[in-house]
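Analysis of the macromolecular model
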Amino acid sequence: MGCKIFQYRDLPIKHSMLCRFIESQGWRVAHTLRSGALVYTKGESEKELLIPTDASYSDYKKMLYAALDDIATVYDVRVDILLGKIAFPDSDSFKFSLKSSFTKYGVVPFDSFVDYATSLKTWILSGAAFVLNPAKFHKKISYKCTEEWFGRCRVGQSEFGSYVMNVVFPLEPEKADDQHQLLTVNREMPFTRKITSVLYRSACLVQQAIDEDDLSQITEAGNRGQYAISANMCSAIVDMYDATRGADISLQPEWSAELPIDDSDMPSILTFRREHRHAIEDVAKELTPQLGTTREDLSGFVKKLSRGVGENEGVVTILSGSGQNNYTLRLENQEYLKAIDAHQNEIPVFVSGTIVRRGNNLSIDPVERFEIMRAPE
């Protein structure tokens, strides 16, 4: 799975970075060659990794990139993905993967990517908000400290067959002296690990509840303040579905080798399928305090459409009112086709139904009437 060496000749990597990475994976120095190169082995395996250490040799770069290629082959990973792990060894990372008909070549529509990334940020910040203040609903999830923390996170590359986003969460703030000391005696768990573990454990609980067809365990956990089962997190997952047009969403964590975690009770990968969307949306509604309902008639323009492949209903967002409020509503196939027509031709629509206010979100449920406001001919 390695890549040609000449493609990486200008990469800013050092032998110390390679040594540090493979040592974190359990490799140890077996012996040293006369050139100073280190020969690493692991356990009973006969495989050896040769890492050059003397940059004065003319073939130092060539040997360094050959070592990089060998490591990629050992771990069956692309070199560009491996570089991310080497560059941020003291980091947790989440691999988010989308699979649908339009991700076959490793690309997604740009507008879908923007909406997806926004929803993903909301999901991550909802976990951070829960770490700061455990609650089943947060009126606000963005704080100065969490935004500064989020600003240190990084995004990696995609790959063919699906659209993959590798989000890297540094366990510690960046240090000018490049010293990496994650934990000392009596030091508490890093803020980042609290967030990543709470996000993944709660996502596991969501999937478990769906698989067991018992969504009550999600709401009960949220009511008890257990894990990060908040309305904000569930709503963000729903928004990811809508942004990706009903793609299956997989999440695979990789915990920093420098700060091991007991993940024996967690699956190595989660997959939320498009048919799970409505169940998660119902949980989000139940966890969100209902601030009141009113029956209203309103007009506006269709701002966003979302429907999974093969589904008979879709989610529509209407922009309406002098305050330019966003209202979400779920429409059956016939009304959804009207919404598509209105969106494509920029025609206003009329909606009649019950306005539900939950937190900062406005929805129309149930929808009693949905019509296109065509000008008389």
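This text goes with the structure placed above it.
Model, not experiment: these values are computed from the prediction.

A short note on empty space enclosed by the protein
- As enumerated under the stated definition, the model contains 4 cavities of 30 Å³ or more in all.
- The space that makes up the largest cavity amounts to roughly 80 Å³.
- Along the wall of the largest cavity there are 14 residues; nearest its centre are Asp-242, Arg-277, Arg-307, Gly-308 and Glu-311.
- Of all the elements in the fold, those that place two or more residues in the lining of the largest cavity are α8 (231-243), α9 (277-287) and β10 (313-320).
- Considering every element that reaches the lining of the largest cavity, the biggest residue donor is β10, with 3 residues.
- Roughly 70 Å³ of volume is contained in the second largest cavity.
- If you trace the second largest cavity, you find it lined by Phe-96, Trp-123, Ile-237, Met-240, Ile-249, Leu-251 and Phe-272.
- Among the elements of the structure, α8 and β7 (248-254) are those that each provide at least two residues to the lining of the second largest cavity.
- Considering only residue class, the lining of the second largest cavity consists of 7 nonpolar, no polar and no charged.

A short note on the pairing of strand β13 (residues 361-372)
- Pairing between strand β11 (residues 325-332) and β13: 2 bridges, direction parallel. The residue bridging Thr-328 from the neighbouring strand is Ser-363, located in β13.
- For strand β12 (residues 349-358) and β13, the ladder comprises 9 bridges, and the chain directions are antiparallel. Bridging from a neighbouring strand, Val-356 pairs with Ser-363 of β13.

Overview of the sheet that holds strand β3 (residues 49-51)
- The strand order across the open sheet built from 3 strands is β1-β2-β3, with neighbouring strands paired in antiparallel fashion. Lying at the two open borders of the sheet, with one neighbouring strand each, are β1 (28-32) and β3. The average angle at which neighbouring strand axes cross in this sheet is 35 degrees, direction not considered.
- Both strand β2 (residues 38-41) and β3 contribute to a ladder of 3 bridges, which runs antiparallel. Pairing of Val-39 across the sheet is with Leu-50, part of β3.
- Relative to β3, helix α1 (residues 15-24) is tilted by about 150 degrees, and along the sheet it contacts β1, β2 and β3.

Regarding the side chain of Ser-202
- With respect to the secondary-structure elements, Ser-202 resides in helix α6 (residues 191-211).
- For Ser-202, a relative accessible area of 0% translates into the label buried.
- A distance of 2.7 Å separates a polar side-chain atom of Ser-202 from the backbone oxygen of Val-198.

Comments concerning helix α10 (residues 333-345)
- Helix length check: α10 (13 residues) gives 18 Å between terminal C-alpha atoms against 18 Å at 1.5 Å per residue, within 8%.
- Listed as buried for α10 are Tyr-336, Ala-339 and Ala-342. Here the buried residues of α10 occupy an arc of 115 degrees about the axis, which is enough to place them on one side. Turned more than 90 degrees off the buried face of α10, the exposed positions are Gln-334 and Gln-344.

Examining unusual backbone geometry
- At the junction of Asp-365 and Pro-366, the peptide bond is cis and its omega measures out at 5 degrees in the coordinates.
- With respect to the secondary-structure elements, Pro-366 resides in strand β13.
- For Asp-213, which is not glycine, the phi torsion reads 55 degrees and is therefore positive.
- Mapping Asp-213 onto the fold places it in the loop between α6 and α7 (216-224).
- The phi dihedral of Glu-346 falls on the positive side, at around 55 degrees, and the residue is not glycine.
- With respect to the helices and strands, the residue Glu-346 is situated in the loop between α10 and β12.

So, the pattern of salt bridges
- Within this structure, the stated rule accounts for 16 salt bridges.
- Note that Arg-274 is salt-bridged to Asp-248, the shortest N-O span being 3.7 Å. Of the two residues, Arg-274 sits in the loop between β8 (270-272) and α9 while Asp-248 sits in strand β7, which places them 26 residues apart along the sequence.
- Note on Asp-248: relative accessible area 15%, which makes it buried.
- We note a salt bridge from Glu-281 to Arg-277, for which the minimum N-O separation is 3.1 Å. With a gap of 4 residues between them, Glu-281 and Arg-277 both fall in helix α9, about one helical turn apart. A single burial state applies to Glu-281 and to Arg-277, both of which are buried.
- Several salt bridges share partner residues, and in doing so they unite Asp-242, Arg-277, Glu-281, Glu-313 and Arg-330 into one network.

Conventions adopted
- Residues numbered from 1 in each chain as written.
- Predicted model: local features only at pLDDT ≥ 70, side-chain atom pairs only at ≥ 80, totals over all residues.
- Heavy atoms only, no water.
- 1 Å grid on protein atoms, 1.4 Å probe; cavity = no way out; pocket = protein on both sides within 12 Å on 5 of 7 lines; lining within 4 Å.
- Points joined across faces, edges and corners; volume = space filled by probe spheres on them.
- Helix = DSSP H or I, 4+ residues; strand = E, 2+ residues; numbered from the N terminus.
- Nonpolar A, V, L, I, M, F, W, Y, C, P; charged D, E, K, R; others polar.
- Pairing = 2+ DSSP bridges.
- Axes fitted to C-alpha atoms, helices over the stretch in contact; angles between N-to-C directions.
- Contact = heavy atoms within 4.5 Å.
- Buried < 20%, exposed > 50% of the residue type's maximum accessible area, 1.4 Å probe, protein only.
- Polar contact = N/O pair within 3.5 Å; in protein donor to acceptor, adjacent residues only side chain to side chain.
- Expected span 1.5 Å × (residues − 1).
- Arc of directions from axis to C-beta.
- Salt bridge = Lys/Arg side-chain N within 4 Å of Asp/Glu carboxyl O.

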